[in-house]
Amino acid sequence: MLVRHPDRADWGRGQVQSVIGSRVTVNFEHAGKVVIDSKRISLVPDFGDFRP
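Just so it is clear, the model here is predicted, and its values are computed rather than measured. In this convention, every chain numbers its residues from 1, walking through the sequence in written order. With the structure being a predicted model, the display of local features is reserved for residues of pLDDT at least 70 and the display and counting of side-chain atom pairs for 80 or more, all residues being used for whole-chain, interface and lining totals. The basis for the side-chain values is all heavy atoms of the structure; hydrogens and waters are excluded.

1. Some remarks on the side chain of Asp46
Working step 1: Put simply, DSSP marks the helices as runs of H or I at least four residues long and the strands as runs of E at least two long, and each gets a number from the N terminus on. As for its position among the elements, Asp46 is in the segment after β5 (44-45).
Working step 2: A relative accessible area of 13% places Asp46 in the buried class.
Working step 3: The criterion used for residue contact is that any of the two residues' heavy atoms lie within 4.5 Å. In this structure, Asp46 is in contact with Leu2, Val3, Arg4 and Arg13, ignoring residues within four places of it in sequence. Only protein chains enter the accessibility calculation, which uses a 1.4 Å probe. A residue is then buried if its area is under 20% of the maximum for its type, exposed if over 50%, and partly exposed in between.

2. Quick notes on the environment of Val35
Working step 1: Note on placement: Val35 falls in strand β4 (residues 32-37).
Working step 2: If we skip the residues at most four places from it in the chain, Val35 touches Arg23, Val24 and Thr25.

3. Let's talk about the pairing of β4
Working step 1: Two strands pair if DSSP finds at least two bridges between them. By the bridge criterion, 6 bridges tie strand β3 (residues 23-28) to β4 in an arrangement that is antiparallel. When the bridges of β4 are listed, Asn27 appears paired with Lys33.

4. Observations concerning the nonpolar core
Working step 1: Residues enter a nonpolar core if they are buried and are Ala, Val, Leu, Ile, Met, Phe, Trp, Tyr or Cys, with the set joined through side-chain atoms within 4.5 Å. In this structure, Val3, Trp11, Val24, Val26, Phe28, Val34 and Ile36 together form the largest nonpolar core, which totals 7 residues.
Working step 2: With 3 residues, the top contributor of residues to this core is β3.
Working step 3: Not counting chain neighbours up to four residues away, the residues in contact with Val24 comprise Val16, Ser18, Val19, Val34, Val35, Ile36, Ser38 and Leu43.

5. Brief notes about the sheet that holds strand β2 (residues 14-20)
Working step 1: The strand order across the open sheet built from 5 strands is β4-β3-β2-β1-β5, with neighbouring strands paired in antiparallel fashion. In this open sheet, the two edge strands, each paired with only one partner strand, are β4 and β5.
Working step 2: Across 2 bridges, strand β1 (residues 2-4) lies against β5 in antiparallel orientation. Within the sheet, the bridge partner assigned to Val3 lies in β5 and is Pro45.

6. A few points about the pattern of salt bridges
Working step 1: One speaks of a salt bridge when a side-chain nitrogen belonging to Lys or Arg is within 4 Å of a carboxyl oxygen belonging to Asp or Glu. Enumeration over the complete set of coordinates arrives at 2 salt bridges.
Working step 2: Between Arg13 and Asp46 there is a salt bridge; the shortest N-O distance is 3.5 Å. Of this pair, Arg13 sits in the loop between β1 and β2 while Asp46 sits in the segment after β5, and the two are 33 residues apart along the sequence.
Working step 3: Each of Arg4, Arg13 and Asp46 takes part in a single network of salt bridges with overlapping partners.

In structure tokens, the structure reads:
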């Protein structure tokens, strides 16, 4: 799944690598691998250029 961090637009798009409990590991374009606590931060889905 592709996501964006709501407060870090400069990190770019990120791809979720794993989810263990509330810990989400995301590989962001400009920030690399980051572990996010999903209890504190709600990542925003990024559907890219998808047009139904």
